[in-house]
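Working through the structure, step by step
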Amino acid sequence: MTQLQQVKKAVAYINKKTKNFKPEIAIITGSGLAGSIPPLEKKITISYADIPGFLRSTVPGHTGNLIFGTFKGKKIMVMQGRFHYYEGHPMKDLAISIRTMFMLGVEKLVVSAAVGSLDMKLKPGSVCVLNDHINFMANNPLIGNHEKEFGPMFFDLSEAYDKKLRKATMDAAKKLKISAKEGCYFAVTGPNFETPSEIKAFKKLGATVVGMSVVPEVLVARQCGIRVLGLAWVTNMGCGIAKTPLSHEQTISESKKIEGKFKDLLETVLPKI
Ligand code: HPA
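Residues numbered from 1 in each chain as written. Predicted model: local features only at pLDDT ≥ 70, side-chain atom pairs only at ≥ 80, totals over all residues. Heavy atoms only, no water.

Across all of its chains, the model carries 10 salt bridges by this definition. For E24, the salt bridge goes to K108, with nearest N and O atoms at 2.9 Å. Taken together, the residues E24 in the loop between helix 1 (3-18) and strand 1 (25-29) and K108 in strand 5 (residues 108-117) connect sequence positions 84 residues apart. (Salt bridge = Lys/Arg side-chain N within 4 Å of Asp/Glu carboxyl O. Helix = DSSP H or I, 4+ residues; strand = E, 2+ residues; numbered from the N terminus.)

Rendered as structure tokens:
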């Protein structure tokens, strides 16, 4: 089966379950951030496991649901729990969920993730509003995966992260007194955290924050013309800057402290975008 056929199957199943609900904005929740979703009206939840052709999340802290509903008049879909390359999914399979969103009608994507910070002004609890990325994963979900229905093979990334969406978010963060700064996401495969020397090198290359997701999703979204807002929530300072060893438990416990702020930010930004 081609990926196009696989996505069409998933879309047909979802459309049947939601009675052709056409979401305009999609949100992907990162590690420990599944509880940040604003209250949705006429909510419909579908487990990934029930969707033909869909992947399954294997990481603790990542629930596996698609949620559909309306918030202040905006039609929203949430991908509660994402797929990571380090779980062993083939890179090109990471395109399935984003291409499914596109075929459902999504025009804007909010990607969130837990990250390590390389910027002393972005402490744990702050949000880095992404203005660019560096793909250091040495792989790409679009390789060997071109389907013309999902956009051109070659496409521009001079504004991977939408300027207007960034501005709306920075304004909302200021209003809500949430510590926020624009910056560059540096994508690694994981699953290990970095070494102190890697963090020093990534900083020299232009990284503001480092993480193990986001970029594959953004590449697929941009190819099909979905506008992207990237919210990287700092759960720790990068290795070597942090005073204590890093752990996934810390990522999850710090994310739990962030969920409320993330929810407030979404509730302010979503009606405006
Ligand atoms: N590095 C990579 N990914 C992460 C980190 C980190 O320090 N913290 C949360 N996700």
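Here the narrative resumes, following the displayed structure.
If you want to describe how two helices pack, look at the angle between their axes and the distance between the axes. Two elements in contact, helix 2 (residues 95-104) and helix 5 (residues 215-223), have axes separated by 9 Å at closest approach and are oriented at 35°. Viewed along their axes, helix 2 and helix 5 form a crossing whose handedness is right-handed. Touching A95, I98 and R99 of helix 2 are E217, V220, A221 and Q223, all from helix 5. Looking at side-chain class alone, the contact of helix 2 with helix 5 contains four nonpolar, one polar and two charged residues. (Axes fitted to C-alpha atoms, helices over the stretch in contact; angles between N-to-C directions. Left-handed = near helix turned anticlockwise from the far one by under 90°. Contact = heavy atoms within 4.5 Å. Nonpolar A, V, L, I, M, F, W, Y, C, P; charged D, E, K, R; others polar.)

Glancing now at the nonpolar core. Core analysis: the biggest nonpolar cluster contains 52 residues, and L66, M101, L109, Y185 and V209 have the highest contact counts within it. Ignoring anything within four residues of it in the chain, the contact list for Y185 reads V115, L130, D132, H133, I134, V209, G211, M212, S213, V214, V215 and A232. Counting 27 residues, the second-largest nonpolar core is a separate cluster that includes V78, V110, L229 and I273. (Core = buried A, V, L, I, M, F, W, Y, C linked by side-chain atoms within 4.5 Å. Buried < 20%, exposed > 50% of the residue type's maximum accessible area, 1.4 Å probe, protein only.)

Before going further, it helps to examine the site of the ligand. Around the ligand, the neighbouring residues are A114, V115, G116, F193, E194, V210, G211, M212, T235, N236, L246 and T251. Between the ligand and the protein, one listed contact pairs a nitrogen atom with a side-chain N or O atom of N236 at 2.7 Å. For the ligand, whose free accessible area comes to 260 Å², the fraction covered by protein is 96%. In a pocket analysis with a 2 Å cut-off to the grid points, the ligand is assigned to the largest pocket. (Near = heavy atom within 4 Å. Polar contact = N/O pair within 3.5 Å; in protein donor to acceptor, adjacent residues only side chain to side chain. Areas by Shrake-Rupley, 256 points an atom, 1.4 Å probe, with all protein chains shown as cover. 1 Å grid on protein atoms, 1.4 Å probe; cavity = no way out; pocket = protein on both sides within 12 Å on 5 of 7 lines; lining within 4 Å. Sits in = over half its atoms within 2 Å of the grid points.)

Here the focus is the state of the cysteines. The full count for this structure, using the stated rule, is zero disulfides. Free of any disulfide, C239 has its nearest neighbouring cysteine sulfur in C128, separated by 19 Å. (Disulfide = S-S within 2.5 Å.)

Next up on the list: the pairing of strand 4 (residues 74-80). Across the seven residues of strand 4, six count as buried, placing the element largely inside the fold. Taking the residues that link successive antiparallel strands as the turn, the strand 3 (residues 65-71)-strand 4 hairpin has two residues, and the phi of K72 there is positive, at about 45°. (Pairing = 2+ DSSP bridges.)

Quick look at unusual backbone geometry now. With omega at 5°, the peptide bond leading from G190 into P191 counts as cis. Tracing the sequence through the fold places P191 in the loop between strand 7 (180-187) and helix 4 (196-205). Positive phi, close to 55°, is recorded for A138, a residue that is not glycine. As for its placement among the helices and strands, A138 is situated in the loop between strand 6 (127-135) and helix 3 (163-176).

The next thing to look at is the environment of H84. Its location among the elements puts H84 in the loop between strand 4 and helix 2. Once the C-alpha coordinates of H84 and A173 are considered, the two residues, 89 residues apart in sequence, prove to be 28 Å apart.

A separate point is the packing of aromatic side chains. Summed over the entire model, instances satisfying the criterion amount to nine aromatic pairs. For the pair Y48 and F83, a centre-to-centre distance of 5.2 Å together with 45° between the ring planes defines the contact as tilted. With a gap of 35 residues between them, Y48 in the loop between strand 2 (41-47) and strand 3 and F83 in the loop between strand 4 and helix 2 connect regions that are remote in the sequence. For Y48, a relative accessible area of 2% puts it in the buried group. Judged by its relative accessible area of 5%, F83 is buried. (Phe/Tyr/Trp six-rings, centres within 6.5 Å; stacked < 30°, edge-to-face > 60°.)

All right, on to helix 3 then. An ideal rise of 1.5 Å per residue puts 20 Å on 14 residues; helix 3 measures up with 20 Å between its terminal C-alpha atoms. In this structure, the buried side of helix 3 is in contact with strand 5, strand 6, strand 7, strand 9 (227-237) and helix 6 (248-269). By the N-cap criterion, in which a side-chain oxygen at the helix start approaches the backbone nitrogen of a residue two or three places on, helix 3 is capped by D162, the distance to K164 being 3.1 Å. Just beyond helix 3, the residue with positive phi is K177, at close to 60°. (Expected span 1.5 Å × (residues − 1).)

The space that makes up the largest pocket amounts to roughly 370 Å³. Every residue lining the largest pocket is counted, 26 residues in all, and those nearest its centre are S31, F193, M212, H248 and T251. Counting residues per element, the ones that place at least two in the lining of the largest pocket are strand 5, strand 8 (209-211), strand 9 and helix 6. Tallied by class, the residues present in the lining of the largest pocket amount to 12 nonpolar, 12 polar and two charged. (Points joined across faces, edges and corners; volume = space filled by probe spheres on them.)

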